[in-house]
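Listed below, chain by chain, are the residues.
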Amino acid sequence: MIVIRGAEVYDYAHGIRGTVQDVWVEGERVVAAPENPARYEVIDGKGCILAPAGVEIHSHFAGSGLDSVRRFLSSNFMALDSLAPSPEIVSERYLRLGYTTLFDAASSPLLSQSTHQDLDRMKIVDRGTYTLMGDHTVLLGALAKGNASEIRDTIAWLLQVSGGYAVKLVNPGSGFAWKNSSTLSGLDDPIGWNDLTQRKIIQRVVAAVNRMGLPHPVHLHARRLGQPGNQVDFLKTIKALEGQRAHLCHIQFYAYGSDGKGGYTSAAEQVVKLIESSQKLTFDVGQIIPGPAMAITADTSSMDSLRRMTAHPWISCQLEGEGGINALPLEYLPSDPTSAVQWATGMELLLRFPDPTRMFLTTDHPNGGPFMAYPQVIEWLMNRESRDEMLQSLHPAGNKRSGLSGCHREYSLEDVLAMTGYGPAKSLGLTDRGHLGVGALAELRCYRKQASIKAMFENPAWVMHRGKLVVKNGKIQGSLQGRTLLVRPSWDRERSKAIHSSLSRWISFQPEHYALGEKHQVKDGLEVPCS
Ligand SMILES: [Zn+2]
């Protein structure tokens, strides 16, 4: 048994805001204070802040898409190291920032074997991946028919053959249309399969996933990513969700107005006004960090627009029967007006959105920049002076074309700890972490209080995962084996015959070609129950 004594404890779920109190741990879990403890170890928390460990909801660090990234960066060691390090290094760096649960944001069903190989190398952390489905031929066929049980069974089958934790939709239907040389100009454009449109795909998949009770709702990457004036389309997508539970990712890339001359403006204020009241929606920001970055996405049509706009080289890998995986190198330059507006837009979204349990810190690593910049972003949020200094160092468009200078809010410690721990855990349906209630997993981070916010968040005094100290004074210790989190929703197994015949009819890949096949188990897999 362990007691952490004397630390200022933050536990958003239970309304604890910096109270000095004991936290008891036995085995893997937080326990109630025992009446007469016989033997126990004391960890001195005086001068420290103690909170549930960080949970990463959206980052790209595993799978075959990273190979394309590494191909671009092979001659630039600094960028390679920050944007596409090995899975071992990724897990160590996240642990040293106080994160113990990590989700990779996109894995192709056909190629998810490589994602799981990478996840398996991330020894200590708990981890998982979301399965890309929005352009999968068999699912599109089921969605076009609109038969609810067929849609449910196809989603469950795709999760099973890919070892996924959640359903990821990336500008759904657009990959299918792009391969047929068409682009979708709106939610109601037919994608080229009967009368199926993006609106119908989103609504039917969201309804199915919520009925199936998956712990995390549909993780949605909306249309018109990164384009000026796209806030109008983003708000239409929000309305199409009709108040249903969903997570919208990296929304900084959707919160742009237009200056009428092709230039970007921040539309963060309008976006927040519309989304803040939708209580069943959660969001992550996708903050950009000035410096090198790498666009990596399954959104082929947006990447096609981006490479035309930037004239940068790209690698696009298209898969039969589903969408593609694309990579394109980027650099956010402080002297560039668009980068300056993008930076200010992300900051504005974070500062204007009132609820830290529904808006989360991400950089959409490596799309907006490296996740290692989180402590810097936290400092900008908590300290207006450092934020203003940064704004002044960027192209004046960042100030002129955003409302950031009018945002006076400074995040509290409670806000920061909620948006990086409790909030994402809750959105992910992980009830066993993100809080310090009796029975929760002992996933803890402990920071030494100090003048520099950035230094404090860069280097926790220690980090605990499943009741074991895994980081102490910046050093990884122990050999704890983390788990790969996945879901196994119930479905009608009889349906697999129909799925097999759809595969035979429409594409050349058969069930055994899918990453895990239908019987293979994920190593160190841990099923999180559906409700
Ligand atoms: Zn992403």
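Residues numbered from 1 in each chain as written. Predicted model: local features only at pLDDT ≥ 70, side-chain atom pairs only at ≥ 80, totals over all residues. Heavy atoms only, no water.

A.B. asks: Is there a simple way to explain the coordination of the zinc ion in this structure?
C.D. replies: For a metal with four tetrahedral donors the ideal donor-metal-donor angle is 109.5 degrees, whereas six octahedral donors ideally subtend 90 or 180 degrees. Around the zinc ion, the protein contributes the donor atoms His-58 (NE2), His-60 (NE2) and Asp-364 (OD), which lie 2.0 to 2.2 Å from the metal centre. Motif for the zinc ion, donor spacing along one chain: H-x1-H-x303-D. Here the residue His-58 occupies a position in strand β8 (residues 54-59), and Asp-364 occupies one in the loop between β20 (359-360) and α13 (374-382), the gap between them amounting to 306 residues. Neither His-58 nor Asp-364 differs from the other in exposure class; each is buried. (Donors = N, O, S within 2.8 Å, 3.2 Å for Na, K, Ca; no water. Helix = DSSP H or I, 4+ residues; strand = E, 2+ residues; numbered from the N terminus. Buried < 20%, exposed > 50% of the residue type's maximum accessible area, 1.4 Å probe, protein only.)

A.B. asks: In this structure, what is going on with helix α5 (residues 137-145)? I would like to understand it.
C.D. replies: Since one α-helical turn is 3.6 residues long, residues separated by three or four positions face the same way. Most of α5 is tucked away, with eight of its nine residues classed as buried. Inspection of α5 places Thr-137, Val-138, Leu-139, Leu-140, Gly-141, Ala-142, Leu-143 and Ala-144 among the buried residues, and these make up the whole buried set. Positioned one or two residues after α5, Gly-146 has a phi angle of 80°, which is positive.

A.B. asks: Looking at this model, I keep getting lost on helix α18 (residues 495-506). Mind explaining?
C.D. replies: With twelve residues, α18 should reach 16 Å at 1.5 Å per residue; the first-to-last C-alpha distance of 17 Å fits that figure. If you check which residues of α18 are buried, you get Arg-495, Ser-496, Ile-499, Ser-502 and Leu-503. Projection of α18 onto a plane perpendicular to its axis shows the buried side chains occupying an angular sector of 115°, all on one side. Opposite the buried face of α18, at more than 90 degrees from it, the exposed residues are Lys-497 and Arg-505. Tucked inside the fold, the buried residues of α18 contact α5 and α6 (148-162). (Expected span 1.5 Å × (residues − 1). Arc of directions from axis to C-beta. Contact = heavy atoms within 4.5 Å.)

A.B. asks: For this particular structure, what's the right way to read the sheet that holds strand β6 (residues 41-44)?
C.D. replies: The strands that make up a sheet pair up through hydrogen bonds in the backbone, lying either parallel or antiparallel. Spatially, the four strands line up as an open sheet ordered β5-β4-β1-β6, and their pairing is mixed. Each edge of the sheet is formed by a strand with only one pairing partner; in this case those strands are β5 (29-31) and β6. Across the sheet, the mean angle from the axis of one strand to that of its neighbour is 30°, orientation sign disregarded. As defined by bridge partners, strand β1 (residues 2-5) adjoins β6 across four bridges and the pair is classed as parallel. For Ile-4, the partnering residue across the bridge sits in β6 and is Ile-43. (Pairing = 2+ DSSP bridges. Axes fitted to C-alpha atoms, helices over the stretch in contact; angles between N-to-C directions.)

A.B. asks: Can you walk me through the side chain of Thr-129 in this structure?
C.D. replies: Among the secondary structure elements, Thr-129 is positioned in strand β10 (residues 126-132). A distance of 3.2 Å separates the side chain of Thr-129 from the side chain of Asp-104, its partner in a polar contact. Excluding residues within four positions of it along the chain, Thr-129 makes contact with Phe-103, Asp-104, Ala-106, Ser-107, Thr-115, His-116, Leu-119, Gly-163, Gly-164, Tyr-165 and Ala-166. (Polar contact = N/O pair within 3.5 Å; in protein donor to acceptor, adjacent residues only side chain to side chain.)

A.B. asks: Got a minute to help me understand the pattern of salt bridges in this structure?
C.D. replies: Close approach of charged atoms allows side chains of opposite charge to pair. A complete count under the given rule lists 30 salt bridges for this structure. We note a salt bridge from Glu-8 to Lys-449, for which the minimum N-O separation is 2.5 Å. With Glu-8 in strand β2 (residues 8-11) and Lys-449 in the loop between β21 (444-448) and α17 (453-458), this residue pair connects regions lying 441 residues apart in the sequence. With its nearest N and O atoms 2.9 Å apart, the salt bridge here joins Arg-307 to Asp-304. Remark: Asp-304 and Arg-307 occur in helix α11 (residues 300-310); sequence separation between them is three residues, near one turn of the helix. Where salt bridges share partners, they join Glu-28, Asp-126, Asp-432, Arg-433 and Arg-466 into one cluster. (Salt bridge = Lys/Arg side-chain N within 4 Å of Asp/Glu carboxyl O.)

A.B. asks: Help me understand the pairing of β2 in this model?
C.D. replies: A regular strand places its side chains so that they alternate between the two faces of the sheet. Sheet topology places β2 next to strand β3 (residues 16-20); four bridges connect them, and they run antiparallel. Within β3, the residue paired with Tyr-10 across the bridge is Arg-17. Where β2 folds back on β3, the antiparallel hairpin that results is connected by four residues, among which Gly-15 adopts a positive phi of roughly 65°.

A.B. asks: I would appreciate a short explanation of the packing of aromatic side chains in the present structure.
C.D. replies: Aromatic ring pairs are described here by two measures, namely the spacing of the ring centres and the angle between the planes. Per the counting criterion, the structure on display carries 17 aromatic pairs. Seen from their ring centres, Phe-61 and Tyr-94 are 6.2 Å apart, and the 70° between their planes marks the pair as edge-to-face. Separated by 33 residues along the polypeptide, Phe-61 in the loop between β8 and α1 (65-73) and Tyr-94 in helix α3 (residues 87-96) bring together distant segments of the chain. On the basis of relative accessibility, which here comes to 1%, the residue Phe-61 falls in the buried class. (Phe/Tyr/Trp six-rings, centres within 6.5 Å; stacked < 30°, edge-to-face > 60°.)

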